[in-house]
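# Fold and contact review
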Amino acid sequence: MYKNAKQEYEKYGVDTEAAIASLKDIPVSIHCWQGDDVVGLDGGGSLSGGIQTTGNYPGRARNFEELKADIKKAFSLMPGKKRLNLHASYAVGANVDRDRYEPKHFAEWVKFAKELGLQGIDFNPTMFSHKNVKDGLTLSSPDENIRKFWIDHCIACLHIAEYFADEFKSPCAFNIWIPDGFKDVPADRLTPRLRLKNSLDKILSCGYDRSKVIVAVESKVFGIGVESYTVGSNEFYQNYAAKNNICCLLDNGHYHPLEYVSDKIPALLAFYDKVALHVTRGVRWDSDHVVLFEDELKEIAKEIVRNKATDKVLIGLDYFDASINRLSAWVTGQRAMQKALLYALLINQSELKNLQDKADFTALMVRQEEYKTMPFGAVWKEYLKRESLTEDYLTDIRFYENKVLKERI
Ligand code: RNT
Ligand code: ZN
């Protein structure tokens, strides 16, 4: 099947071997928080900040050991180059508050990630699920002490990120997302943003090493219980990032359903060296459904591949589903991302670009339709085989569920 597929693609000027080779090299940063419903290990307890995991499928990882075991199992079923994306709330054995976290609280994660042969660790300060989220606000709070606490948390996290970069000799993507906003019509939309701007200035001036840590800011349109106003909006962060030489993180669940991140990627690539992503699937809203091999995901992958931006676009995953087996959710989403990248790599992009430039939109449409029925599946299978995997991951996961997850009651 692969041989035939290879020949079919050759007719279109596509080299399947080159596509497979490229795919192997594109890192995907996998979020740790799918394993435990974003609860974390530092005692934050229930999830807050306008995000929600729904469902109570049995087997949630309840501690570090269980989470590690689940990550190990799930990652073993994922093809390609992998990074681990950690939140600060996954500190291990910390008996200090979040503003005083240190690299040592993450040393166990480093050890574990090295054991798994991962390419690096990415990091996120955790500004939710904590008593110092006051009236729903963190870095934009009118309370100076609250702001200070979260500024100190972010600075502590930047140093932890430098530590990850040193350990793996690979820059750490560092994403700032805050839940700050209001449920109902505010009386002042500007001042909270000015406070957020000031807090970010303080964080960025801590003297962290810009060659080791790639700081990004993640905007959002609304959250549950914060429907009317979000301090860290798209315009706010895009301007902040541009003026301060940091980067934007685009979460494709964080826009109006008719706005597409696939279109935003090239817009930002015109101005930024790096663009970070949270790949997710919003169903009607930012619902963080498991990523699937769907049209918009394919478009996102095409924009990364055809703009030769695989080292500029930092791909991270962000979804959390507690209604199905969590390992299966993890693997399904990661494989969907890989499939989309492969799909994009199996397109003769320069031919399509030429058709566009010649304004031959008739041929462009026909060609694009043809790609949809090409023997993509055979190449995907071959890629999995070379990664020592098969299409079936469910059997393995069911076995693990019966042996391990069912014991967690
Ligand atoms: C929330 C943001 C944010 C979180 C994670 C846990 O809407 O998408 O990225 O999902 O940091
Ligand atoms: Zn996100």
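Preceding block: the structure.
Just so it is clear, the model here is predicted, and its values are computed rather than measured.

## Some thoughts on the overall build of the chain
The number of helices and strands found in the chain is 14 helices and 12 strands. Computed over its C-alpha atoms, the radius of gyration of the chain comes to 21 Å, within 12% of the 22 Å expected for a compact globule of 409 residues. Along the longest, intermediate and shortest principal axes, the C-alpha atoms of the chain span 65 × 55 × 40 Å. Residues classed as buried in the chain amount to 55% of the 409 residues present. The long-range fraction of contacts in the chain, counting pairs at least 24 apart against all pairs at least 6 apart in sequence, stands at 80%. When the accessible surface of the chain is split by element, carbon and sulfur atoms take 50% of a total near 18000 Å².

## Details of helix 14 (residues 394-403)
Inspection of helix 14 places I397, Y400 and E401 among the buried residues, and these make up the whole buried set. Down the axis of helix 14, the smallest arc covering the buried residues is 105°, so these residues share one side. Facing away from the buried side of helix 14 by more than 90 degrees, the exposed set consists of T395, F399 and K403. Packed against the buried residues of helix 14 are helix 3 (64-76) and helix 10 (326-345).

## Overview of the coordination of the zinc ion (ligand 2)
In a perfect tetrahedron of four donors around a metal, the angles come out at 109.5 degrees. In a perfect octahedron of six, they are 90 or 180 degrees. Protein-derived ligands of the zinc ion (ligand 2) are E218 (OE), D251 (OD), H278 (ND1) and D318 (OD), with the metal-ligand distances lying across 2.1 to 2.2 Å. Coordination at the zinc ion (ligand 2) is octahedral, judged from the 6 donor atoms that bind it and the angles of 71 to 176° they form at the metal. Here D318 falls in the buried class, since its relative accessible area comes to 7%.

## Quick word on the site of ligand 1
Around ligand 1 sit W33, I51, H87, W177, E218, K220, D251, H254, H278, D286, D318 and F320, and those are all the residues in its vicinity. In this structure, K220 approaches ligand 1 through a side-chain N or O atom, which is 2.6 Å from an oxygen atom. Within the side chain of D286, a nitrogen or oxygen atom sits 3.4 Å from an oxygen atom of ligand 1. Summarising the interface, the protein chains cover 100% of the accessible area of ligand 1, which totals 310 Å² for the free molecule. Using a 2 Å cut-off from the grid points, one finds that ligand 1 occupies the largest cavity. Class assignment for the residues of the shell around ligand 1 results in 4 nonpolar, 3 polar and 5 charged.

## Thoughts on the pattern of salt bridges
Inspection of the entire model under this criterion finds 34 salt bridges. The partner of R386 in a salt bridge is E17, and the shortest N-O contact between them spans 2.8 Å. With R386 in helix 13 (residues 376-386) and E17 in helix 2 (residues 16-24), the pair connects residues that are 369 residues apart, well separated along the chain. What makes R386 partly exposed here is its relative accessible area of 33%. According to the relative accessible area criterion, E17 is partly exposed, its value standing at 31%. The structure contains a network of salt bridges with shared partners spanning E17, E382, K385 and R386.

## Focus on the side chain of R408
Counting through the fold element by element, R408 comes out in the segment after helix 14. With relative accessibility at 10%, the residue R408 sits in the buried group. A distance of 2.8 Å separates polar atoms of two side chains, one belonging to R408 and the other to D70.

About the cut-offs
- Residues numbered from 1 in each chain as written.
- Chains lettered and ligands numbered in written order.
- Predicted model: local features only at pLDDT ≥ 70, side-chain atom pairs only at ≥ 80, totals over all residues.
- Heavy atoms only, no water.
- Helix = DSSP H or I, 4+ residues; strand = E, 2+ residues; numbered from the N terminus.
- Rg over C-alpha atoms; globule rule 2.2 N^0.38 Å.
- Buried < 20%, exposed > 50% of the residue type's maximum accessible area, 1.4 Å probe, protein only.
- Contact = heavy atoms within 4.5 Å.
- Areas by Shrake-Rupley, 256 points an atom, 1.4 Å probe, with all protein chains shown as cover.
- Arc of directions from axis to C-beta.
- Donors = N, O, S within 2.8 Å, 3.2 Å for Na, K, Ca; no water.
- Tetrahedral: all angles 85-135°; square planar, octahedral: opposite > 155°, others 65-115°.
- Near = heavy atom within 4 Å.
- Polar contact = N/O pair within 3.5 Å; in protein donor to acceptor, adjacent residues only side chain to side chain.
- 1 Å grid on protein atoms, 1.4 Å probe; cavity = no way out; pocket = protein on both sides within 12 Å on 5 of 7 lines; lining within 4 Å.
- Sits in = over half its atoms within 2 Å of the grid points.
- Nonpolar A, V, L, I, M, F, W, Y, C, P; charged D, E, K, R; others polar.
- Salt bridge = Lys/Arg side-chain N within 4 Å of Asp/Glu carboxyl O.

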